[in-house]
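This is what each chain is made of:
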Amino acid sequence: MPTDNDRVLIVGAGQSGLAAAHAALEQGLRPVLLEASGRAAGSWPRYYDSLALFSPARYSGLPGMAFGGDPERYPRRDEVAAYLERYAAALIRRGAELRTGARVDAVRSAGEPGKGGFLVRLADGEELAAPALIAASGSFGRPHRPALPGLDTFAGRVLHVAGYRSPASLPGEHVIVVGAGNSAVQVAHELASERRVTLAGRAPIRFVEQRPLGRDLHFWFRVTGFDRLPLARAETPPASPVLDDGRYRRALREGRYARREMFARLDGEHVEWPDGGRERVDAVLLATGYRPNLPYLADVGALTAGGRPRQRRGLSLTHAGLGYLGLEWQRTPSSNTLRGVGADARRVVRILARHLRGSGRWQVHV
């Protein structure tokens, strides 16, 4: 099957895939975006209803298009989805190809060893070939569900935050939210307006002031260069602190929701705490994060046994011409965010373009 030397297949048309397509156009390549859903908005339409960005609109645009509106506001979920669709439309006008409803089932190598080349099979059986591939499918499709004692026999409702939309998503009077990050605290705060909520976790909640000295934290990230700092490689990214304008800490102090150490086990309709206490619980919400969603690479040898990509700063350690975008802690603290993925995309695509133009063997440097 013939391939075009400047064609790049991009799996996923969320923020990472769109940033990759923009970078590819800048390099004179022909990006083809393969999006499983019916719209180019990534996971944003499926997040919970009240979700808002942690960064102001001023710092939340992808390369080449400002977010628009009040630059100091924190855009809501639906605003972000609409912005991404506008961004995709602009890319299409410039020559990018977007295919929605195009779920990638599998990838296999199709080129000479050391030179790259990929054959991508879609769910409908169609096959596409290209010399370069960027995996930008994010992690929302692979929520992490830890093996908590008694969870499999719990009589109440168990829901990962990926499936949560609003308080109506969870029944009952007492809900345990498992986690200590932004989503756990935000959802616990929201649920506490209608029911009893306990936040349970193995690590304490680390709050960070969202607007120190009257300026959003991301202003200081930009001034200090923190968002651009290269990070040491880590198999498991560290937990992120909870950005707070004061409301979450205040609610915790006032007892609107409780914080406890991780429960010892679940038993039928009850939870057992480490101190021996036992009480009834109606639902458990797991705000326990996600893992890279890359099942289509499972048979090509690009992943670890745990399903994580064998990569360094977005470049495959196993396959020439294979790049990654949107991984947590991929290169900097902002790698998997709207504000940071553009810089990663420029770097990954620049190296891919050099590889496609035959400037040397595929080499991944630290």
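Residues numbered from 1 in each chain as written. Predicted model: local features only at pLDDT ≥ 70, side-chain atom pairs only at ≥ 80, totals over all residues. Heavy atoms only, no water.

Strands sit in the order S8-S17-S9-S10-S13 across an open sheet of five strands; the sheet is parallel. Edge positions in the sheet fall to strand S8 (157–160) and strand S13 (258–261), since each has one partner strand and no second. Each strand axis lies, on average, 25 degrees off the axis of its neighbour in the sheet, ignoring direction. Two elements, strand S10 (residues 196–201) and S13, share four bridges in a ladder whose sense is parallel. From the neighbouring strand, Gly201 faces S13, where its bridge partner is Glu261. Against the sheet, helix H3 (residues 182–191) engages strand S9 (174–178), S10 and strand S17 (283–286), with an angle of about 165 degrees to S10. (Pairing = 2+ DSSP bridges. Helix = DSSP H or I, 4+ residues; strand = E, 2+ residues; numbered from the N terminus. Axes fitted to C-alpha atoms, helices over the stretch in contact; angles between N-to-C directions. Contact = heavy atoms within 4.5 Å.)

Right, let's talk about the packing of helix H1 (residues 15–26) against helix H2 (residues 77–93) for a bit. For the pair H1 and H2, interaxial distance at closest approach is 10 Å and the crossing angle is 25 degrees. By the angle between their axes, H1 is roughly parallel relative to H2. The interaxial crossing formed by H1 with H2 has left-handed handedness. Here Gln15, Leu18, Ala21, His22 and Leu25 of H1 come into contact with H2, specifically with Leu84, Tyr87, Ala88 and Leu91. When the residues that make up the contact of H1 with H2 are grouped by side-chain class, the tally is seven nonpolar, two polar and no charged. (Parallel < 35°, antiparallel > 145°, perpendicular 65-115°, else oblique. Left-handed = near helix turned anticlockwise from the far one by under 90°. Nonpolar A, V, L, I, M, F, W, Y, C, P; charged D, E, K, R; others polar.)

For S10, the buried fraction is high: five of the six residues fall into the buried class. Bridge count for S9 against S10 is five bridges, and the pairing is parallel. Within S10, the position partnered with Val178 by the bridge is Ala200. (Buried < 20%, exposed > 50% of the residue type's maximum accessible area, 1.4 Å probe, protein only.)

This part covers the environment of Arg73. With respect to the helices, strands and loops of the structure, Arg73 is situated in the loop between strand S2 (30–35) and H2. When the C-alpha atoms of Arg73 and Arg58 are compared, they prove to be 8.2 Å apart, with 15 residues separating the residues in sequence. Those residues within four positions of Arg73 in sequence are excluded, and the remaining contacts are Ser55, Pro56, Ala57, Phe67, Gly68 and Glu79. Separated by 2.7 Å, the side chain of Arg73 and the backbone oxygen of Gly68 make a polar contact. At 2.8 Å, the side chain of Arg73 and the side chain of Glu79 are in polar contact. (Polar contact = N/O pair within 3.5 Å; in protein donor to acceptor, adjacent residues only side chain to side chain.)

Let us now look at unusual backbone geometry. Non-glycine residue Leu213 carries a positive phi angle of around 55 degrees. For Leu213, the position within the fold is in the loop between strand S11 (207–209) and helix H4 (217–224). Given the relative accessible area of 77%, Leu213 is considered exposed. Of note in the backbone geometry, Arg313 takes a positive phi value of approximately 55 degrees without being a glycine. By secondary structure assignment, the location of Arg313 is in the loop between strand S18 (311–312) and strand S19 (315–316). For Arg313, a relative accessible area of 23% corresponds to the partly exposed category.

Its 17 residues give H2 an end-to-end C-alpha distance of 25 Å, which sits within 8% of 24 Å, the value for a rise of 1.5 Å per residue. For H2, the set of buried residues is Arg77, Val80, Ala81, Tyr83, Leu84, Tyr87, Ala88, Ala90 and Leu91. Looking at the buried positions of H2, the neighbouring elements they touch are H1 and strand S3 (97–100). Backbone geometry just downstream of H2 places Gly95 in the positive-phi region, at approximately 120 degrees. (Expected span 1.5 Å × (residues − 1).)

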